[in-house]
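The primary structure of each chain is shown beneath.
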Amino acid sequence: MENIELLKQLEELHKISGCLEVNREGREEMLALVSGYSNDFIDSLTSIPGFDQQKPEGLAINDCAQPLGDLLKLYHSQVAMNGINGASGTHLGYIPGGGLFTSALADYLAAITNPHTGVYYASPGAVTIENEVVEWLKRVFNFPSSSVGNLTSGGSISMLIAFTAARDNHGIKGDKITRSVVYISEQVHHSVHKALRIIGLEDIIIRYVDLDSGHRIKTEALKSAVAEDVANGFNPFMVVGTAGTTDTGAVDPLDDIADVAQLHGMWYHVDAAYGGFFIMTSKKHLFKGLERADSLVVDPHKGLSIPFGLGGVLVKNKEAVLHSNHYVANYMQDAVMDELVQSPSNVSPELTRHFRALRLWLPLQLHGIEPFVASLEEKLLLIKYFRNELVRMGFEVAPEPDLSVSYFRYPFNIDADAKNHQLMDAIHADGDVFLSSSIIDGRYVIRIALLSFRTKKDTVDRALAMIERCLKRIES
Ligand SMILES: *Cc1c(COP(=O)(O)O)cnc(C)c1O
């Protein structure tokens, strides 16, 4: 092809592709629309329902250009107002999310500048921010600065990194898999089971350790289970403690579990995905011993109200993490190792990745830590307030929770399980505030979880009014 012809074709193509670089005027217009929408949405959060569900429509891609205004309307009706409102303080089910505005700004900046955060060389500044956030996590959780960490998309992926390091450090492969034992609580999050399966440990032996009335692991039961396994020639490999169980908000006796793990040379993993950041509050004493864990999972997208997509993992044994994620690691000297762990891609399965540290770094720098701690302290008081009110209304409540998750049920005289289920259905149909349910000790219960910075006394009062309304509805 002659260059003349080629240049003509390039010009034609540019006429079509050029719109991908939106010009300044266009950018200002789009930003104004998005900014207006965001402001209206945030302002509406205190009044709109926490839950509604419809089958989404009109979301298929039809390959032709449409105006942003129309797409925002579609987004609002089919996405933002559909399902559990993840940005609302009225999301009190499962484990609530948050959605800090300042994190959204960080995501915007990260996407605009698009640094590659897999490798230090590619973006020393962005990777330093990734590493500074990891250093901050080490300080918050009293992990030694020699440990390694990574910011992931969430707790489940963090768990994979931690468990893979555990597996490789203990050489759990081949015949050893079916002789090795993992000790967990019935209340462990299902991502623990999932992670074991994904990393090839499906056939490992799982022992459920007895729990006390507050749903915490009984250390004595753990001790005897391990002793029995040792006597029978099994290999006690790992014990998982939870700092804030999803269903009941219980914190296992972390320090006592650490003793047992240490005595038997087991890998000690602590899952603090939900409860971890309460270590900064008046509940600090419950977390004693967490710093003795070999690996730790935390979720800033839960306890710090960061929008979904930010988890963290800390692992003490650098070699183990590098072995799994960087294959020449075994032959590396310390100095080289320090350089290696500087790049996130050497300590996680990801290479090219979202610059996700910024969504925590920017809010921490803008607000300081104090408001985050105060928000968590608020939740600890609000759960007490909620439970006191429920008792006054005649409900049965769970044992005093360690953190900000609790459960309750109404003592119906007959068919209590079915009736509480009915009450849950009525609450979902009402939808003003979102709660979820569970089966605990074989009984149907309704759960409440308080965590978001947007959850305030008003929200809890709305929940109480809704529960009262729904109870009347099903009793009539
Ligand atoms: C939410 C949660 C997880 C899983 O984390 P994701 O971020 O949802 O992947 C693991 N453990 C506990 C205790 C949790 O609450």
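Everything below is about the structure printed above this text.
What you see is a predicted model, and the numbers here were worked out from it, not measured in a lab.

Chemist: Any chance you could explain the pattern of salt bridges here in plain terms?
Modeler: If charged atoms from side chains of opposite charge come close, those side chains can pair. Across all of its chains, the model carries 27 salt bridges by this definition. Lysine 15 is the salt-bridge partner of glutamate 12, the closest N and O atoms lying 3.3 Å from each other. Separated by three residues within a single helix, glutamate 12 and lysine 15 lie in helix α1 (residues 3–17), roughly one turn from each other. On the basis of relative accessible area, glutamate 12 is assigned to the partly exposed category, the value being 43%. Because the salt bridges share partners, they merge into one network encompassing Glu130, Glu350, Arg353 and Arg356.

Chemist: Explain the pairing of strand β8 (residues 295–298) here, please?
Modeler: Looking down a regular strand, the side chains alternate between one sheet face and the other. Burial along β8 is two-sided: the face carrying Ser295 and Val297 and the face carrying Leu296 and Val298 are both buried. Relative to β8, strand β7 (residues 267–272) runs parallel, the two sharing four bridges. Each residue of the ladder has a partner; that of histidine 269, found in β8, is serine 295. Two strands pair when backbone bridges link them, and β8 and strand β9 (residues 311–315) are joined in this way by four bridges, in the antiparallel orientation. Counterpart to valine 297 in the pairing with β9 is valine 313.

Chemist: Honestly, helix α16 (residues 457–475) in this entry has me stumped. Any pointers?
Modeler: Across its 19 residues, α16 extends 27 Å between first and last C-alpha, which sits within 8% of the 27 Å expected from 1.5 Å per residue. For α16, the full list of buried residues reads Thr459, Val460, Arg462, Ala463, Leu464, Met466, Ile467, Cys470, Leu471 and Ile474. If you follow the buried residues of α16, they end up packed against α14 (370–392), β11 (405–409) and α15 (416–430).

Chemist: It is not clear to me how the environment of arginine 179 should be interpreted in this structure. Could you clarify?
Modeler: Here arginine 179 lies in the loop between α6 (155–169) and β4 (180–184). We classify arginine 179 as partly exposed; its relative accessible area is 39%. Each C-alpha atom of the pair arginine 179 and asparagine 235 lies 5.8 Å from the other, and the pair is 56 residues apart in sequence. Those residues in contact with arginine 179 that sit more than four places away from it in its chain are Ile205, Gly233, Phe234 and Asn235.

Chemist: What should I look at first to understand the state of the cysteines in this one?
Modeler: Two cysteines form a disulfide when their sulfur atoms are joined by a covalent bond. Applying the stated rule across the entire model yields zero disulfides. Here cysteine 19 is not disulfide-linked; the sulfur of cysteine 64 is the nearest cysteine sulfur, at 13 Å. The class for cysteine 19 is exposed, based on a relative accessible area of 57%.

Chemist: For this particular structure, what's the right way to read unusual backbone geometry?
Modeler: For residues that are not glycine, phi is negative in most cases, and the peptide bond is trans in most cases. Phi at aspartate 63 takes a positive value of approximately 65 degrees, unusual for a residue other than glycine. Considering the arrangement of structural elements, one finds aspartate 63 in the loop between β1 (51–52) and α3 (68–80). Here aspartate 63 falls in the exposed class, since its relative accessible area comes to 74%. For asparagine 142, which is not a glycine, the phi torsion comes out positive at approximately 55 degrees. With respect to the secondary-structure elements, asparagine 142 resides in the loop between α5 (124–140) and β3 (148–152). A relative accessible area of 47% means that asparagine 142 is categorised as partly exposed.

Chemist: Would you explain a nonpolar patch on the surface in this entry?
Modeler: A contiguous nonpolar surface patch, about 430 Å² in accessible area, is contributed by Met1, Leu6, Leu7 and Leu10. When you line up the elements, leucine 7 lands in helix α1. Assessed through its relative accessible area of 53%, leucine 7 is described here as exposed.

Chemist: Help me understand the sheet that holds strand β5 (residues 205–208), please; the structure alone is not making it clear to me.
Modeler: Sheet strands line up and pair through hydrogen bonds in the backbone, either parallel or antiparallel. Strand order in this open sheet of seven strands is β3-β9-β8-β7-β6-β4-β5, and the pairing throughout is mixed. Each of the sheet's edge strands pairs with one partner strand only, and the pair in question is β3 and β5. If you compare each strand with its neighbour and ignore which way they point, the axes differ by 15 degrees on average. In the sheet, β4 pairs with strand β6 (residues 235–242) via four bridges, with the strands oriented parallel. Residue tyrosine 183 lies in a different strand from β6, and its bridge partner there is valine 239. On the sheet, helix α8 (residues 219–231) packs against β4, β5 and β6 and is oriented at approximately 170 degrees with respect to β4.

Definitions and cut-offs
Residues numbered from 1 in each chain as written. Predicted model: local features only at pLDDT ≥ 70, side-chain atom pairs only at ≥ 80, totals over all residues. Heavy atoms only, no water. Salt bridge = Lys/Arg side-chain N within 4 Å of Asp/Glu carboxyl O. Helix = DSSP H or I, 4+ residues; strand = E, 2+ residues; numbered from the N terminus. Buried < 20%, exposed > 50% of the residue type's maximum accessible area, 1.4 Å probe, protein only. Pairing = 2+ DSSP bridges. Expected span 1.5 Å × (residues − 1). Contact = heavy atoms within 4.5 Å. Disulfide = S-S within 2.5 Å. Patch = residues over 30% accessible without salt bridge, like charges linked within 9 Å, V, L, I, M, F, W, Y side chains within 5 Å. Areas by Shrake-Rupley, 256 points an atom, 1.4 Å probe, with all protein chains shown as cover. Axes fitted to C-alpha atoms, helices over the stretch in contact; angles between N-to-C directions.

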